[in-house]
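Residues per chain are reported as follows:
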Amino acid sequence: MTTSEHPHGHDHGESSELSETELRVRALQTILIDKGYTDAAALDAIVEAYEQKIGPHIGARVVARAWTDPAFRQALLADATAAVSPFGQGGRVGENLVAVENTPERHNMVVCTLCSCYPWDVLGLPPVWYKSFAYRSRTVKEPRSVLREFGVTLPERTEIRVWDSTAEVRYLVLPMRPAGTDGWSEEKLATLVTRDSMVGTGLPRSPEPRS
Amino acid sequence: MTANDAAKRALAANPGLPVDAEGPVFREPWQAQAFAMTLALHEKGLFAWSEWAAMLGETIKAAQAAGDPDTGETYYHHWLATLERMTAKKAVASPADLASHRDAWERAAHRTPHGQPIELKSGDFTG
């Protein structure tokens, strides 16, 4: 059975798969840790120091395109996996991806219980807080206060919708285009799109006021 | 943070590393994991960067002779192959060790439902 025949995630029975390279990396890691050459926490600390530097980070370009090209925006909201795939440079990206659009009426936030459910091939590696129990549990219960802690205060009338990622579906938040960016190019707009704005824990940067 | 100092020394010794203005960049998570293991083993004093660079250079040269396009895409594959050679040379992980652990991880992945964290159990070694 293939996932494309079951786009709604009816493949819970499928086993996991690791690529040949991932198998080799895990084999080596296990041996190094078992023999005491290093420990998991030390390796994690090094990887986390680069969390912003892992993955192709194509999400910002996808968002900027959606802001400037209404047809692309439609396509993205209709089928994000298909819309995003041309952005990948070799290798599949955005598998089982769903884009959710922020509006003045609704703000979207994404949580997940497993880091594997983060669209790292679009957004890079998940930040440490994304994997924390506190973020996962509190976002579902009190999204507005979690947002405030991230420095985002939304009008009371804005509904907050929380999306729980699964292995089958990952989410990309399409933030609202900042005011004061009329006539901006796609490249320039992409510089305003932060990772957090695509997870829903932040908003895009505001354009620098002209001096 | 010490990881940054260690990374700077690693960069100085490995001019081929994919970087941006702030340091190393990785296309996939496993690349960062391979990099992290190398830093950790270097910190332990398992090898000097000069020794690492020489071995990585050999690996890349051999790959090019075998037709590797050398576009930078394959850099971390060479890095991982070098790490395997280095750990074998230093008697940390023999090729047989690596193979049995690789197979165990494959079994662990097969018995783990999609979306669950994959964890290695002792039973994975026996098949």
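Notes on the structure follow. (Residues numbered from 1 in each chain as written. Chains lettered and ligands numbered in written order. Predicted model: local features only at pLDDT ≥ 70, side-chain atom pairs only at ≥ 80, totals over all residues. Heavy atoms only, no water.)

**Regarding the packing of aromatic side chains**
Counted under the stated rule, the structure contains 13 aromatic pairs over all chains. Geometrically, the ring pair formed by phenylalanine 26 of chain B and phenylalanine 35 of chain B is tilted, given 5.4 Å between the ring centres and 50° between the ring planes. The exposure classification of phenylalanine 26 of chain B matches that of phenylalanine 35 of chain B, with both residues buried. The ring of phenylalanine 72 of chain A carries arginine 65 of chain A above its face, with NZ or CZ at 5.7 Å from the centroid. Seen from the ring of tryptophan 184 of chain A, lysine 188 of chain A lies directly overhead, with NZ or CZ sitting 4.2 Å from the centre. (Phe/Tyr/Trp six-rings, centres within 6.5 Å; stacked < 30°, edge-to-face > 60°. Buried < 20%, exposed > 50% of the residue type's maximum accessible area, 1.4 Å probe, protein only. Lys NZ or Arg CZ within 6 Å of the ring centre and 35° of its normal.)

**Some thoughts on the pairing of strand 4 (residues 170-174) of chain A**
All names here are of chain A. Most of strand 4 is tucked away: five of the five residues are buried. Of the strand pairs in this sheet, strand 1 (residues 97-101) and strand 4 are connected by five bridges, and their pairing is parallel. Following the sheet pairing, alanine 99 is matched in strand 4 by leucine 172. (Helix = DSSP H or I, 4+ residues; strand = E, 2+ residues; numbered from the N terminus. Pairing = 2+ DSSP bridges.)

**Digging into the pairing of strand 2 (residues 106-111) of chain A**
Within a regular beta strand, the side chains point alternately toward one face of the sheet and then the other, so they alternate between its two faces. All names here are of chain A. The buried fraction of strand 2 amounts to five of the six residues, a majority that puts the element mostly inside the structure. Relative to strand 3 (residues 159-164), strand 2 is paired through six bridges, and the arrangement is parallel. Counted as the bridge partner of arginine 106 is glutamate 159 from strand 3.

**Quick notes on the interface of chain A and chain B**
Listed by partner, the interface residues are 39 residues for chain A and 47 residues for chain B. Both faces considered, chain A and chain B share a buried interface measuring about 4000 Å² in area, 66% of it formed by carbon and sulfur atoms. Taken as a group, Tyr37, Tyr50 and Lys53 of chain A account for 17% of the area that chain A buries against chain B, more than any other trio of residues on that side. Along the contact surface separating chain A from chain B lie three salt bridges. The partner of glutamate 20 of chain A in a salt bridge is arginine 102 of chain B, with the nearest N and O atoms 2.7 Å apart. Across the contact surface, chain A and chain B share six residue pairs in polar contact (both at pLDDT 80 or more). Sorting the residues of the side of chain A that touches chain B by element identifies helix 1 (20-34) and helix 2 (40-49) of chain A as the ones contributing at least two each. (Contact = heavy atoms within 4.5 Å. Buried area = accessible area lost by both parts, 1.4 Å probe. Salt bridge = Lys/Arg side-chain N within 4 Å of Asp/Glu carboxyl O. Polar contact = N/O pair within 3.5 Å; in protein donor to acceptor, adjacent residues only side chain to side chain.)

**Things to note about helix 5 (residues 95-111) of chain B**
Compared with an ideal rise of 1.5 Å per residue, which puts 17 residues at 24 Å, helix 5 of chain B spans 25 Å between its outermost C-alpha atoms and is within 8% of the ideal. By the burial criterion, the buried members of helix 5 of chain B are Leu98, His101, Arg102, Ala104, Trp105, Ala108 and Ala109 of chain B. Buried residues along helix 5 of chain B cover an arc of 165° about the axis, so they all sit on one side. Structural note: helix 5 of chain B exposes Pro95 and Ala96 of chain B on the side pointing more than 90 degrees away from its buried face. Next to the buried residues of helix 5 of chain B lie helix 1 of chain A together with helix 4 (75-89) of chain B. (Expected span 1.5 Å × (residues − 1). Arc of directions from axis to C-beta.)

**Digging into the side chain of threonine 59 of chain B**
All names here are of chain B. As for its position among the elements, threonine 59 is in helix 3 (residues 49-65). Residue class for threonine 59 comes out buried when judged on its relative accessible area of 11%. If near-sequence neighbours (up to four positions away) are discounted, threonine 59 is found in contact with His78, Ala81, Thr82 and Arg85.

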